[in-house]
Amino acid sequence: MTDDNFSPLLELKNVSKTFLLKPLFGQEKRVDALRNVSLKLEAGRALAIVGESGSGKSTVGRAVTRLFQPTSGNILFAGRDIGGLTTAADQMTYLRMVQMVFQDPFAALNPAHRIRHHLFRPLILHQGLKGDALEAAARQTLADVELDPNVTLDKYPHELSGGQRQRVNLARALAVDARLIVADEPTSMLDVSIRRSVLDLMRRLKLERGIGFLYITHDIATAHYIAEDTAVMFAGQIVEYGPSASVIRNPQHPYTRLLLSAVPDPAVRIAGRSGEQGQSFSTHAETVRDASRRPVGQSVEVTPGHFVFHHIDMNPSTGEAA
Ligand SMILES: Nc1ncnc2c1ncn2[C@@H]1O[C@H](COP(=O)(O)OP(=O)(O)OP(=O)(O)O)[C@@H](O)[C@H]1O
Ligand SMILES: [Mg+2]
């Protein structure tokens, strides 16, 4: 697999994913988890995918990590359509370069093995290291994620804090020289006091190593801390997309405003908390959600690179049915 220096690291073109749920009794149910999702991510940058539960964020991550095939559309990595990676060698290379960090820091760590084992394995498999070189590389990888190798190497996962475990997960991605890390709510199970330091580490890996991050979060207000760009998703569609600062300070889509209105920080709280004509917040929220489920049509570029998608039959500023 060759790198193409001119293409984005990752590009999704009109990716859709429909799940068909077949209950034992009754009708088959269709879930349109992704609807024509298009996005781009450059190396050394982060793109936040924000939205409430069920909006399709993790489905984007799982499609990128090839846990399933999209129903339609294309996923390109360094310019190559990953659907066209047919040889086992190309598929392995892709799965090595694209690593996932999960919400639950325990998820990918076998509790029966020490951290040494978790790092040795990828270093042996992907870099062919052994002996002193293997030991040295494992120690360096831990140092790279700001963990003390003397203390950490011989610990079991349960002997570490959640933040330390998440650092080990990032170290494993470094051990295989990942180029893209899909981080799905990587800090939401961590103590509030250490979330920032894990985000700081990811930000450093992004800048110093040119790793691209797909940062999946429900927290629109902190997305800009790591991600240059933000995509707001609802009901499987991207409804707004652009530079994070612009999306947060100048939100255009009624659903983005709704997300921001739930943020306690006054600096990012935006007008539009409720319908101005005395409508309650929850009624207003339901109106916006209902309208935002409709298929998106035209996108409008508000400021350079900042796009808002309009829905069929929706008043773009209030979110009311037109
Ligand atoms: N394997 C699956 N089979 C059936 N439906 C699925 C599957 N995976 C996801 N879905 C559905 O697709 C939709 C999007 O799910 P997804 O997990 O991507 O949401 P999310 O934005 O990550 O939510 P959360 O914030 O709760 O993690 C949901 O309606 C979900 O029930
Ligand atoms: Mg999810």
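Report follows, based on the coordinates. Remember, it's a predicted structure, so these values are computed and weren't measured experimentally.

The rules we used
Residues numbered from 1 in each chain as written. Chains lettered and ligands numbered in written order. Predicted model: local features only at pLDDT ≥ 70, side-chain atom pairs only at ≥ 80, totals over all residues. Heavy atoms only, no water. Phe/Tyr/Trp six-rings, centres within 6.5 Å; stacked < 30°, edge-to-face > 60°. Helix = DSSP H or I, 4+ residues; strand = E, 2+ residues; numbered from the N terminus. Buried < 20%, exposed > 50% of the residue type's maximum accessible area, 1.4 Å probe, protein only. Lys NZ or Arg CZ within 6 Å of the ring centre and 35° of its normal. Near = heavy atom within 4 Å. Polar contact = N/O pair within 3.5 Å; in protein donor to acceptor, adjacent residues only side chain to side chain. Nonpolar A, V, L, I, M, F, W, Y, C, P; charged D, E, K, R; others polar. Pairing = 2+ DSSP bridges. Axes fitted to C-alpha atoms, helices over the stretch in contact; angles between N-to-C directions. Contact = heavy atoms within 4.5 Å. Core = buried A, V, L, I, M, F, W, Y, C linked by side-chain atoms within 4.5 Å.

**So, the packing of aromatic side chains**
As enumerated under the stated definition, the model contains three aromatic pairs in all. When the ring of F19 is compared with that of F68, the centres are 5.6 Å apart and the planes differ by 85°; the resulting orientation is edge-to-face. Taken together, the residues span a long stretch of sequence, with F19 in strand β1 (residues 10–21) and F68 in the loop between α1 (57–64) and β4 (72–77) at a distance of 49 residues. According to the relative accessible area criterion, F19 is partly exposed, its value standing at 29%. When its relative accessible area of 17% is taken as the criterion, F68 is described as buried. Note on F234 and Y255: the rings are 4.5 Å apart at their centroids and 35° apart in plane angle, and the pair reads as tilted. Here F234 is found in strand β9 (residues 229–234), whereas its partner Y255 is found in helix α10 (residues 254–261), with 21 residues between them in sequence. Across this residue pair, the class does not change: F234 and Y255 are buried. The aromatic ring of F106 is capped on one face by R165, whose charged end is 3.7 Å from the ring centroid.

**Quick word on the site of ligand 1**
Not every one of the 13 residues close to ligand 1 is listed here, only the nearest: S53, G54, K57, S58 and T59. S53 is positioned such that a nitrogen or oxygen atom in its side chain is 2.5 Å from an oxygen atom of ligand 1. Those elements giving two or more residues to the shell around ligand 1 turn out to be β1, β2 (29–41) and α1. The greatest single-element share of the shell around ligand 1, amounting to four residues, is contributed by α1. The residue inventory of the shell around ligand 1, partitioned by class, reads four nonpolar, six polar and three charged.

**Thoughts on the sheet that holds β9**
What the eight strands build is an open sheet, ordered β6-β7-β8-β3-β9-β10-β12-β11; its pairing is mixed. Each of the sheet's edge strands pairs with one partner strand only, and the pair in question is β6 (98–101) and β11 (296–303). For this sheet, the mean angle separating the axes of adjacent strands, direction not counted, is 20°. In this sheet, strand β7 (residues 180–184) lies alongside β6 in parallel orientation, the contact comprising four bridges. Counted as the bridge partner of M100 is V182 from β7. In the packing of α1 onto the sheet, contacts are made with β3 (46–50), β6, β7, β8 (212–217) and β9, and the angle to β8 comes to roughly 150°.

**A few points about the nonpolar core**
One finds L170, I181, M202, F213, V232 and Y255 to be the most contacted residues of the largest nonpolar core, which totals 49 residues. Per-element tally for this core: the top contributor is helix α6 (residues 162–175), with six residues. Residues L10, L12, V98 and L180 belong to the second largest nonpolar core, which totals 31 residues.

**A short note on the sheet that holds β1**
Strand pairing in a sheet relies on backbone hydrogen bonds, with the paired strands running either antiparallel or parallel. The strand order β2-β1-β4-β5 describes an open sheet built from four strands, whose pairing is antiparallel. With one partner strand each, in any of the chains shown, β2 and β5 (80–81) form the two edges of the open sheet. With two bridges connecting them, β4 and β5 associate as antiparallel partners. By the bridge assignment for β5, F77 is matched with R80. Contacting β1, β2 and β4, α1 runs over the sheet at an angle of about 110° to β1.

**Some details on the side chain of D229**
With respect to the element layout, D229 can be found in strand β9. Its relative accessible area of 17% is what places D229 among the buried residues. A polar contact of 3.3 Å, which involves the side chain of D229, links it to the side chain of R45. Among residues more than four places away in sequence, those in contact with D229 are R45, A46, L47, A48, G242, P243 and S244.

Don't take any of this as a statement about function, it's just geometry.
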